[in-house]
Amino acid sequence: MLPGEHLLSVLIFFPAMGALALLLLRGDDHKFIRIIALIVSLAEFLFSLLVIPKVPIGVPGYHLEEFAKWISQPPINYHLGVDGISLFLVILTTFLTPISVLASWKSIEHRVKEFFVMLLMLEVGVVGVFLSLDLFLFFLFWEVMLIPMALLIGIWGHERRVYAAVKFILYTMAGSIFMLIGIIWLYNATGTFDLLAIRVLLHTPASQGGLELSSSTEMLLFLAFFVAFAIKVPLFPLHTWLPDAHVEAPTAGSVMLAGVLLKMGTYGMIRFCLPLFPGASHRAAGWVAALAIIGIIYGALVAMVQPNLKKLVAYSSVSHLGFVVLGIFAFHNISMQGAVYQMLAHGISTGALFLLVGMLYDRRHTFEISEYGGLATPMPKLAAFFLFVALSSLGLPMLNGFVGEFLVLLGTYQRHWQWASWAALGVILSACYLLWSYQRVFFGEITREKNRTLPDASAREKWILVTMAVVTLWMGIGATFITSRTAAAAQNVIDQVEPQRPYEAAAPNGATPQAKRDSSSAAKAISSGRLGIR
Amino acid sequence: MLPRTIDIYRVLPELMWCGFGLLAMLMQPFVRSRHFFTFLALIGTLAGTAASVTAAMHAGPGFGGLVQSDSFSFFFRLLVGTVAFLVVLAAGPYLERERLPFAEFYALLLFATAGMGVLASAQELLTAFIGLEMSSISSYILAGYRRDSLKSTESAMKYFLLGSFATAFFLYGIALVYGSSGTTMLTRMGSEELLDSPLFELGLAMILIGLGFKVAAAPFQVWTPDVYEGAPTPVTALFSAGPKAAAFALLLRIFATVPAATHFWFWAFWALAALTMFAGNLGALVQTNVKRLLAYSSIAHAGYILVAFAAVTSMARGGSEEAAPAYAAVLFYLLSYALVKLGAFTIVSQLGGTGEKHLSLDDYAGLSQRQPFVAAALSVYLLSLLGLPVTAGFFGKFYIFKAAVNSHLLWLAVLMAINSVIGAYYYLRVIVVMYMRESSAEAKSAAPVGFPLRVNFVLAFTVAGTLYFGLFPNQVLNFILQPTLLGH
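Reading guide: rules and limits
- Residues numbered from 1 in each chain as written.
- Chains lettered and ligands numbered in written order.
- Predicted model: local features only at pLDDT ≥ 70, side-chain atom pairs only at ≥ 80, totals over all residues.
- Helix = DSSP H or I, 4+ residues; strand = E, 2+ residues; numbered from the N terminus.
- Rg over C-alpha atoms; globule rule 2.2 N^0.38 Å.
- Contact = placed C-beta atoms within 7 Å.
- Buried ≥ 20, exposed ≤ 12 C-beta atoms within 10 Å, placed from the backbone.
- Core = buried A, V, L, I, M, F, W, Y, C linked by C-beta atoms within 7 Å.
- Pairing = 2+ DSSP bridges.
- Nonpolar A, V, L, I, M, F, W, Y, C, P; charged D, E, K, R; others polar.
- pLDDT = per-residue confidence, 0-100.
- Axes fitted to C-alpha atoms, helices over the stretch in contact; angles between N-to-C directions.
- Parallel < 35°, antiparallel > 145°, perpendicular 65-115°, else oblique.
- Domains from an automatic or database assignment.
- Left-handed = near helix turned anticlockwise from the far one by under 90°.

Engineer: Please give an account of the overall build of chain B that cites residues and values.
Structural biologist: Counting secondary structure elements, chain B contains 20 helices and two strands. A compact globule built from 488 residues would reach a C-alpha radius of gyration of about 23 Å, and chain B, at 21 Å, matches this within 12%. Structurally, chain B occupies a C-alpha span of about 70 × 55 × 40 Å along its principal axes. Once local pairs closer than 6 in sequence are excluded, the contacts in chain B between residues at least 24 apart make up 80%.

Spelled out as structure tokens, the structure:
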């Protein structure tokens, strides 16, 4: 039976059914459980690929929409839909889940059944977040996803796992509870939770029955949403939960956390903050960009001095996600597309980095860089893969990281060359910390006797790494496959955040950069004035 | 004047509960079988609950307006009756384990339930007072039911002394209200002069203090942790679910019928809500005893409900009829809260072991491995208290937030949000201990205690209810949103 009309519902609930099936199995046959989890997650991945042809190139708006009444008072509906941006984030999620299952094949030995149940439930929550078009439904998935992630960290993590799990959940909840108030406020003002309906109302002048927010109200609402998302991203200075959560999580948890959970924050900014509160977004852009640039540079500098390999990768996420936020708040089509691309690329390369770090940990049970050194001799294959992934993460042309960073910088430069110049520092620094750590781990003399006899990548590990490498390469060369599909959706967001430029909507890719710069000079003046650099 | 048959129908639930309570007391010297009394109590609670349907079908004022049988009282009778039924189910194994007499326990439980029923349907202050006394006096005795336990005795003593103090306030308030308005019927207090009569307002304030004590609102909450901790756990379950709901019901009814109350009480509720939330949540942060932790959490939840009360009053002040969703928020919250607290305390009473020794958080370490289903059920309750989606608690909190935002009480909503985050910490701590820590060697060696079937039924019922109302709150909501909820 192939899912047709209800493909998106299938995408959300298929893993839940898988998790339920796993729950009913007996817990002691570990191999069987792993195989079932792998089959479920692979099938989910194939389902998600079926969505691609349903999203036509160049058509903005939502596709495969599903709508059903759920609660009558207040009117909460089950409303799903997919556009170019959420399409690939969903695929990223469904792609990383089977990878995570494979990565946990050997390293998870106790409470195996529960582990895979949690992993699949996490997938349910994340896919739900990306597909919801009802604010309430979105919030529901946003909260539900917390529990499996916290348990993944707290039960199967490393030494300080409980601390990290509680910190993770408290940070996220602190943000999301204010988002809930924001959602309720919007509902009170508009009488609906439907994202599309609210957006239409907010973009209609009051004289035509729309809703015009006073600028202070708009700013408060913007902040209520933005803070929740900024914690998730995480944006400097709200990032302190991230190193703890990443370091303490099991490999699969780190992969999912870095790969998709962080993107929920940036996705939220694109989907809610910008289209719903364009005025406040413009007024806040300077501040947000400043924080993003601080995050880019600070994350990179802290990564550079980390003695702990996993923490290094974690801080590199802070730096890379800074690019995404910068790209979003530059309000430029190219930088927006770059931000989306960077989200996907970061998911793949950082996911792969965490997988590799996890493989090292499986062999030596430490993340300390000083414990390693000269590993290229006993394990040349793993070393080669690590180099490949590190290069993609630092943005080598032809690999995935380059496309995203380049587009972000290109688009941002069109608007604010100062922002782009500062952010470009991050590109240089990322080369420093990644290559330097690579050198310390894999080159030089073998300093620890134990390291001399470490086994190279096993067949399972090679499969994982080859898959990741192929995707990395493909995203670097065949970027148009993705950008052609995200273009319309990105332009759609830009149109909503800058409604004063209607002619661009008519010609999505036709307007020259010069025209874009001039038309938005007012916004630029405001935001750069706030930033204090001119 | 002789009561008419229809009057009898309108108080049938209370009559049933009282009747079966008396029956249990009378039979006690003659029947030795424990099962008989359990059975009798189950029948009694069920009969009363079923009779509330009869009462609802014969809706209208009874006994010349002393009581009012409407959808509102139907809701609360159903609620307290179900709570009593589940408490009877859960208490059986507990009484057996602690070697406590059965008959008196059930009789007192039934009287207390009857008292709550009266509170929920009273439309006249002295009738309400009788209801309050019936439920309170039975509660005092029930709190001290483990006579040989020092803590239980202390709990009863404290509850009695402070409780009688509060009752005195309540009674004095009634006297002042009567003195200024010349009536004790709530329905006759609508006159305009009362709106600025200081004597009347003083009376209302005293009534508020009396009821504030019953619902454990700060600063009248100091008794709660000690009483909850010392009382036998099934009784604690009853305390946290039943009397609280009944007292809130009376408060709501006073609002709905006495205009002066809504004008006068807005800031009082604002302050009470803020204080109560912080008192409960900050107190719970440092608890290591699960029973005490849940006690502080019930203070915090009283605070959340009071937020909805502030919303009700602020809307009524504007003179608009839009207060219905705020009423609904209170009712829905009480329902979700009763289910959850009942389930949680039932688990605590079972895990406590003979003499209630295992109540500390450490005793819950590794519970998910020893008793995965119990740990899962307790997690559902805690997540509902925390207000996570797909549980009834989430919608409860959601509707309160909505009511607060609706009446422009943004600051109170923000305070409530901050409190929710504080609350998240200690609820999560219990889950963390259950799932992420290893059992102590002692707990590991002890064979896992299987729960009796009855208790499992209670857990299944409450978990199912929590999840059901978390997914489909529609039906209940439509019921409590009906315009004729309060009978007029």
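Let's pick the thread back up.
Engineer: So what's going on with the overall build of chain A? Residues and values would help.
Structural biologist: Along the backbone of chain A there are 22 helices and two strands. Based on the C-alpha atoms only, the size of chain A along its principal axes is roughly 75 × 55 × 40 Å. For chain A, with 534 residues in total, the buried portion stands at 59%.

Engineer: I'd love a proper account of the nonpolar core, names of residues and values included.
Structural biologist: All names here are of chain B. Residues Tyr106, Leu109, Ala308 and Val330 are the most contacted members of the largest nonpolar core, which totals 414 residues. If one sorts the elements of this core by residue count, helix H13 (residues 324–351) sits on top with 20 residues. The residues contacting Ala308, other than those within four sequence positions of it, are Ala326, Ala329, Val330, Tyr333, Ile400 and Ala403.

Engineer: Tell me about the pairing of strand S2 (residues 76–82) of chain A, and name the residues and values.
Structural biologist: Residues and elements named next belong to chain A. For S2, the buried fraction is high: five of the seven residues fall into the buried class. By the bridge criterion, six bridges tie strand S1 (residues 63–71) to S2 in an arrangement that is antiparallel. In the strand pairing of S2, Phe67 is matched with His79. As consecutive antiparallel partners, S1 and S2 are separated by four residues.

Engineer: Describe the interface of chain A and chain B, with residues and values.
Structural biologist: At the interface, 25 residues of chain A touch 22 residues of chain B. The set of elements that each furnish at least two residues to the side of chain A that touches chain B consists of helix H5 (135–144), helix H6 (146–156) and helix H7 (161–190) of chain A. For the side of chain A that touches chain B, the class distribution of residues is 19 nonpolar, four polar and two charged.

Engineer: Explain H5(A) to me, using residue names and the numbers behind them.
Structural biologist: Residues and elements named next belong to chain A. Across the ten residues of H5, ten count as buried, placing the element largely inside the fold. Taken as a whole, H5 has its buried residues at Leu135, Phe136, Leu137, Phe138, Phe139, Leu140, Phe141, Trp142, Glu143 and Val144. Buried residues along H5 sit in contact with S2, helix H4 (112–131), H6, H7 and helix H8 (195–203).

Engineer: Can you explain the confidence of the model for chain A? Please cite residues and give values.
Structural biologist: Mean pLDDT over chain A works out to 84, with 93% of the residues at or above the 70 mark. A low-confidence stretch, residues 501–534 of chain A (pLDDT under 50), is modelled with 36 contacts involving residues beyond four sequence positions or located in other chains.

Engineer: Summarise the packing of helix H3 (residues 34–57) of chain B against helix H4 (residues 71–98) of chain B; cite the residues concerned and give the values.
Structural biologist: All names here are of chain B. The N-to-C vectors of H3 and H4 enclose an angle of 170°; their axes lie 8 Å apart at closest approach. On the basis of the axis angle, H3 is roughly antiparallel to H4. In this structure, H3 contributes Arg34, Thr38, Ala41, Leu42, Thr45, Leu46, Gly48, Thr49, Ser52, Ala55 and Ala56 to the contact, and H4 contributes Ser71, Phe74, Arg77, Leu78, Gly81, Thr82, Ala84, Phe85, Val88, Gly92 and Glu96. Here the contact of H3 with H4 is composed, by residue class, of ten nonpolar, nine polar and three charged.

Engineer: Requested: an account of the domain arrangement of chain A, with residues and values cited.
Structural biologist: Residue and element names in this part refer to chain A. In terms of domain boundaries, chain A breaks down into domain 1 (1–53 + 66–174 + 236–275) and domain 2 (277–534). Here domain 1 and domain 2 have C-alpha centroids that lie 22 Å from each other. With 34 residues of domain 1 at the contact, the number on the domain 2 side is 41 residues. Among the secondary structure elements, those contributing two or more residues to the side of domain 1 that touches domain 2 are helix H3 (84–103), helix H10 (241–248) and helix H11 (251–276). By residue number, the principal contributor to the side of domain 1 that touches domain 2 is H11, which donates 14 residues.

Engineer: Can you tell me about H6(A), naming the residues and giving the values?
Structural biologist: Most of H6(A) is tucked away, with eleven of its eleven residues classed as buried. A:Leu146, A:Ile147, A:Pro148, A:Met149, A:Ala150, A:Leu151, A:Leu152, A:Ile153, A:Gly154, A:Ile155 and A:Trp156 are the residues of H6(A) that are buried. Buried-residue contacts for H6(A) involve H4, H5, H7, H10 and H11 of chain A together with helix H17 (410–436) of chain B.

Engineer: Could you give an account of the environment of A:Leu220, naming the residues involved and the relevant values?
Structural biologist: With respect to the secondary-structure elements, A:Leu220 resides in helix H9 (residues 215–232). The spacing of A:Leu220 and A:Met336 is 116 residues in sequence and 24 Å in space, taken between C-alpha atoms.

Engineer: For the environment of A:Thr480, give the residues involved together with the corresponding values.
Structural biologist: Residue and element names in this part refer to chain A. Along the chain, Thr480 falls in helix H19 (residues 479–497). We classify Thr480 as exposed; it has 10 C-beta atoms within 10 Å. Note: C-alpha distance between Thr480 and Pro148 (332 residues apart in sequence) is 35 Å.

Engineer: Talk me through the packing of helix H7 (residues 150–181) of chain B against helix H9 (residues 223–230) of chain B; I want residue IDs and the actual numbers.
Structural biologist: All names here are of chain B. Here H7 crosses H9 at 140°, and the two axes come no closer than 8 Å. In this view, H7 runs oblique relative to H9, as classed from their interaxial angle. Every pair of crossing elements has a handedness; the one defined by H7 and H9 is left-handed. Of the residues in H9, those in contact with Lys151, Ser152, Glu154, Ser155, Lys158, Tyr159 and Leu162 of H7 are Trp223, Asp226, Val227, Glu229 and Gly230. Classifying every residue of the contact of H7 with H9 by side-chain character gives four nonpolar, three polar and five charged.

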